[in-house]
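# Structural overview for review
Listed below are the residues making up each chain.
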Amino acid sequence: MSENNHEKIAAGLRATMRRVASTVSIITTNHNGSDYGITATSVTSVCLSPPVILACINQSTRLYNAVLAAGYFTANYLADHQAGIAQVFGTPNTPDRFSTGHWNHGEYGPFLVDAMGVLNCELSHSFTFGTHSILIGKVVRTSAREADPLVYFEGEFSRIVKEPKAQ
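Owing to the predicted nature of the structure, the values given are computational and were not obtained by experimental measurement.

### What about the overall build of the protein chain?
Within the protein chain, the secondary structure is distributed over three helices and 12 strands. In terms of overall dimensions, the protein chain is globule-like: its C-alpha atoms have a radius of gyration of 17 Å, near the 15 Å expected for 167 residues. With the principal axes as the frame, the protein chain shows a C-alpha extent of 50 × 50 × 40 Å. Every one of the 167 residues in the protein chain was classed for burial, and the buried ones make up 34%. In the protein chain, the proportion of contacts linking residues at least 24 apart, taken out of those at least 6 apart, comes to 64%. Taken as a whole, the protein chain presents about 10000 Å² of accessible surface, with 54% of it coming from carbon and sulfur. The protein chain carries 12 positive and 13 negative side-chain charges, and their two centres are separated by 3 Å.

### Focus on the environment of R97
Position of R97 relative to the elements: it lies in the loop between α3 (83-90) and β7 (103-106). Discounting residues that sit within four places of it in the chain, R97 has contacts with G37, I38, V88, F89, T91 and P92. From its side chain, R97 meets the backbone oxygen of G37 in a polar contact 2.4 Å long. At a separation of 2.7 Å, a polar atom in the side chain of R97 contacts the main-chain carbonyl oxygen of T91.

### Brief notes about the sheet that holds strand β6 (residues 72-77)
Strand order in the open sheet made by the seven strands is β3-β2-β6-β9-β10-β5-β4, with antiparallel pairing throughout. Looking at strand neighbours, the two that pair on one side only are β3 (34-40) and β4 (43-48), the edges of this open sheet. Put simply, the sheet's adjacent strands are angled 30 degrees from each other on average, direction ignored. Relative to β3, strand β2 (residues 25-31) runs antiparallel, the two being bridged by seven bridges. Directly across from S25, in β3, lies its bridge partner A40. Running over the sheet, α3 touches β2 and β3 and is turned about 110 degrees from β3.

### Quick notes on helix α2 (residues 62-70)
When α2 is considered as a whole, its buried residues turn out to be L63, Y64, A66 and V67. Buried residues along α2 sit in contact with β2, β3, β5 (51-58), β6, β9 (117-129) and β10 (132-144). Downstream of α2 by a residue or two, G71 has a phi angle that is positive, lying close to 85 degrees.

How each quantity is defined
Per-chain numbering applies: the sequence of each chain, read as written, is numbered from 1 onward. The predicted origin of the model limits local features to residues at a pLDDT of at least 70 and limits the giving and counting of side-chain atom pairs to 80 or more, whereas totals for whole chains, interfaces and linings rest on all residues. Excluding hydrogens and water, the side-chain figures rest on all heavy atoms present in the structure. For the purposes of this entry, the term helix denotes a DSSP run of H or I that reaches at least four residues, the term strand denotes a run of E that reaches at least two, and both are numbered from the N terminus. To get the radius of gyration, use the C-alpha atoms; to get the globule rule, take the number of residues to the power 0.38 and multiply by 2.2 Å. Each residue's exposure class comes from its accessible area (1.4 Å probe, protein chains only) as a fraction of the maximum for that residue type: buried when under 20%, exposed when over 50%, partly exposed otherwise. It only takes one pair of heavy atoms within 4.5 Å for two residues to be counted as in contact. Per-residue and other accessible areas follow the Shrake-Rupley method at a 1.4 Å probe size, with only the shown protein chains counted as cover for residues. When charges are tallied, Lys and Arg are placed among the positive residues and Asp and Glu among the negative ones, while His and the ends of the chain are skipped. Lysine's charge is taken at NZ, arginine's at CZ, aspartate's at CG and glutamate's at CD. Any N or O atom pair separated by 3.5 Å or less is treated as a polar contact, with the protein-specific requirement of one donor-capable and one acceptor-capable atom, and with residues adjacent in sequence counted only for side-chain atom pairs. DSSP calls a pair of strands paired once it identifies at least 2 bridges connecting them. Only the contacting stretch of a helix is used when fitting its axis, a line to C-alpha atoms as for every element, and angles between N-to-C directions run 0 to 180 degrees.

The analysis is restricted to geometry; functional conclusions fall outside its scope.
Have a look at this one:
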């Protein structure tokens, strides 16, 4: 494939994926007493038996090596009022990220107390492809609360507006 064609396809992929609404998560871990976290939209379930999720992480992030070393990570699914937290964790080299939001620490590192959902995972596998790795996590603990999700759509954080159910 020519370089020009590759760039055209990459631009088309980016344009298409901007049109696909994605839930917003912050992936976190702790290694050697330091907390790590990034905003991610490529986090989804794989199967229920066994309970497994995947998260796609850029290998250039500090979180990536920390997850590999720690052997675990947490997916914090954000509620619609948490766009500011997503922005902080989505901006590279932001100092003291964990001062934004209400964080606690558990066996699997930091978790956002008022997240819509929290999945603690043991790292099962990591597959490298291009600039990213697919982290496969066995879910070992969950928590959820009623909240509307924060989504990423057309390059912006958005909320889902629910239509009233017909009676």
